There are 2 protein chains.
Amino acid sequence: MDGDIKKLSSGELRSLIRSGKWNSPTAGLALGYAQANVYILPSRYAFDFFLFAQRNPKPCPILDVLEPGTYETNFLAPNSDIRSDVPQYNVFRKGKLAEKKEDIKDIWQDDFVTFFLGCSFTFEEALIRSQIPVRHIEEGKNVPMYITNIRCRDGGIFNGPLIVTMRPIPADKIVMAAQITARYPFVHGAPVHIGSPKEIGIKDLSRPDFGDAVEVRSGETPIFWACGVTPQEAILNARPDICISHAPGHMFVSDKLNEEFATS
Amino acid sequence: MDGDIKKLSSGELRSLIRSGKWNSPTAGLALGYAQANVYILPSRYAFDFFLFAQRNPKPCPILDVLEPGTYETNFLAPNSDIRSDVPQYNVFRKGKLAEKKEDIKDIWQDDFVTFFLGCSFTFEEALIRSQIPVRHIEEGKNVPMYITNIRCRDGGIFNGPLIVTMRPIPADKIVMAAQITARYPFVHGAPVHIGSPKEIGIKDLSRPDFGDAVEVRSGETPIFWACGVTPQEAILNARPDICISHAPGHMFVSDKLNEEFATS
């Protein structure tokens, strides 16, 4: 199955997910196609969250937003259905994880607004293509994530710190890594910091706030990129009555090529 | 006065405008600082207009959006006041120009949401710096604008055609003009079309839908960029009860440098 699943197009993969036959992470699947973070909120919170995302484009790059009650994104994937096309959903109530689901049709509301935000799978693919090591993939781990002392711009009721991912990069590839990721502003873009973790309030690289620690080898510099967990923390802080998101790593797979979102 | 006014900083210019001593166009003033189109709508229309702008970033590049009732943009210009800091406002009611004002404090509502969108003054400055001719400036005219057969992506109640500006560029400077403007995605960015006007539904270059016709000389190619009149037309089509905008050419002058919005 694993060999076959990697050959599926984005649309075929979504069909499989919709029919309940794939409820696992989407990393490495439908390669070349942009995957998205998904946040679904009642419309009374939608303008504020739109503000938060627009004001913090590095951690929250907006790929699409849907009208209240709409569950199909014509832009990212015609004929998709956001109520069923994510392999696993987290349902948060008042800022707490209330349940995990593989389909949200039974709790869908006519006032739900769906936000699709860019996901760093896109730029990791580009780094690997350029033979820049991505340590957590090499080590088979989740990317290390850290809460920084950089505050996001507030948006209505939503606020919180910038959360970053870290990838150790050999000295002679730092500039190239910055250049490559800068081409993808819709998936976090250029690094937010290069070098000393202390400068951005990180005390101990070996103790990430989320994900797993990875080895930083001699001659490597820690490079920090804005992280898609930032909006999730901002949402949980605001304790909305309900918010539905993708489960970590279980993304929405779009029909847009990563390259369609690249600049220059 | 004209000589002095050009030396004012963005903040000094805004003070002058606020005190009612400058109600003329802002082109050529506070050079180097980003100027913005302004659209103010009651909050019941704000989410839809946010959608329209986010979905059409070339004609509607979002520089900032304010919470309902807020009149200061901390991001673009701390201590500014959008109720008084634009030299001239147009007030539209149900899609028709109802009045022109130099201050809107008396009609301000607590549910007004302000949108700041990028303005092409920024990239014209960059073109001129690179010795690329900007014909309408040479001829002392308004830029020619055309309604195309390209439809914007709808956003809630807002919809309409893409409107473009045209600048004739000598053959050997076309690529450079495209490259330079691509650096400024927050002010319409790269051209939307190079060459035949008919391809995008423009029948006669000498009869623009807005602005003035300019000479296209032998050896020059018409280059088309997305135009900030696009959102105005979309708003007027939707006939909101009230919408306040800057009067054409009478922009909001921010404290942000154009270069702060440049990519790469």
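## Some points on the overall build of chain A
For chain A, the helix and strand inventory stands at seven helices and eleven strands. Relative to the globule expectation of 18 Å for 264 residues, the C-alpha radius of gyration of chain A, 18 Å, shows essentially globular dimensions. Expressed as lengths along the three principal axes of its C-alpha atoms, the size of chain A is roughly 55 × 45 × 35 Å. Residues counted as buried form 55% of the 264 residues belonging to chain A.

## Observations regarding the pattern of salt bridges
In this structure the tally under the stated criterion is 42 salt bridges over all chains. In this structure, Asp111(A) and Arg44(A) form a salt bridge, with 3.9 Å as the shortest nitrogen-oxygen distance. In this pair, Asp111(A) sits in the loop between strand E4 (96-101) and strand E5 (112-118) while Arg44(A) sits in helix H3 (residues 43-55), placing the two residues 67 residues apart along the sequence. Since its relative accessible area comes to 22%, Asp111(A) is described here as partly exposed. With a shortest N-O distance of 2.9 Å, Arg55(A) and Glu67(B) are connected by a salt bridge. A residue pair is termed interchain when its members come from two chains, as with Arg55(A) in helix H3 and Glu67(B) in the loop between strand E2 (62-65) and strand E3 (89-93). Each of Arg44(A), Lys94(A), Asp111(A) and Asp241(A) takes part in one network of salt bridges that share partners.

## Regarding the relation of the copies chain A and chain B
In screw terms, the move from chain A to chain B is a rotation of 180 degrees and a rise of 0.0 Å along the axis, fitting with an RMSD of 0.0 Å. Each copy turns onto its partner about a two-fold axis. Within chain A, the C-alpha atom positioned nearest to the axis of rotation is that of Phe47(A), 2.8 Å from it. Both copies present the same face, since 100% of the interface residues in chain A are matched by interface residues at the equivalent positions in chain B.

## What about the sheet that holds strand E6 (residues 145-151) of chain B?
Residue and element names in this part refer to chain B. The antiparallel open sheet is built from four strands, whose spatial order is E6-E7-E9-E8. Both edges of this open sheet fall to E6 and strand E8 (193-194), since each of them pairs with a single strand only. The sheet contact formed by strand E7 (residues 161-170) and strand E9 (residues 220-226) spans seven bridges and is antiparallel. Note that in E9 the partner of Met166 across the bridge is Phe224. Packed on one face of the sheet, helix H7 (residues 229-238) meets E6 and E7 and runs near 160 degrees to E7.

## Comments concerning the nonpolar core
Phe49(A) and Phe49(B) are the most contacted members of the largest nonpolar core, which totals 65 residues. When near neighbours in sequence (up to four residues on either side) are disregarded, Phe49(B) contacts Tyr39(B), Leu41(B), Phe115(B), Leu117(B), Phe158(B), Pro231(B) and Ile235(B).

## Some points on the packing of aromatic side chains
Under the defined criterion, the tally for this structure stands at 25 aromatic pairs over all chains. Between Phe49(A) and Phe52(A), the ring centres sit 6.4 Å apart and the planes meet at 20 degrees, which makes this aromatic pair stacked. With Phe49(A) and Phe52(A) both in helix H3, this residue pair falls three residues apart, about one helical turn. Take Phe49(A) and Phe52(A): they sit in the same class, and that class is buried. Measuring from ring centre to ring centre gives 5.3 Å for Trp108(B) and Phe112(B), while their planes differ by 90 degrees; the resulting arrangement is edge-to-face. The residues Trp108(B) and Phe112(B) share a single accessibility class, namely buried. One cation-aromatic arrangement involves Arg83(A) over Tyr71(A); the distance from NZ or CZ to the ring centre is 3.5 Å.

## Concerning the interface of chain A and chain B
Listed by partner, the interface residues are 19 residues for chain A and 19 residues for chain B. When chain A packs against chain B, the two sides together hide about 1,500 Å² of surface, and 60% of this comes from carbon and sulfur. Among the residues of chain A in contact with chain B, Phe47(A), Phe50(A) and Gln54(A) are the three that bury the most area, contributing 38% of the side total. Viewed at the interface, chain B and chain A are joined by six salt bridges.

About the thresholds
Residues numbered from 1 in each chain as written. Chains lettered and ligands numbered in written order. Predicted model: local features only at pLDDT ≥ 70, side-chain atom pairs only at ≥ 80, totals over all residues. Heavy atoms only, no water. Helix = DSSP H or I, 4+ residues; strand = E, 2+ residues; numbered from the N terminus. Rg over C-alpha atoms; globule rule 2.2 N^0.38 Å. Buried < 20%, exposed > 50% of the residue type's maximum accessible area, 1.4 Å probe, protein only. Salt bridge = Lys/Arg side-chain N within 4 Å of Asp/Glu carboxyl O. Least-squares fit on C-alpha atoms with pLDDT ≥ 70 in both. Contact = heavy atoms within 4.5 Å. Pairing = 2+ DSSP bridges. Axes fitted to C-alpha atoms, helices over the stretch in contact; angles between N-to-C directions. Core = buried A, V, L, I, M, F, W, Y, C linked by side-chain atoms within 4.5 Å. Phe/Tyr/Trp six-rings, centres within 6.5 Å; stacked < 30°, edge-to-face > 60°. Lys NZ or Arg CZ within 6 Å of the ring centre and 35° of its normal. Buried area = accessible area lost by both parts, 1.4 Å probe.

Geometric descriptors of this kind do not, in isolation, establish any biological role.
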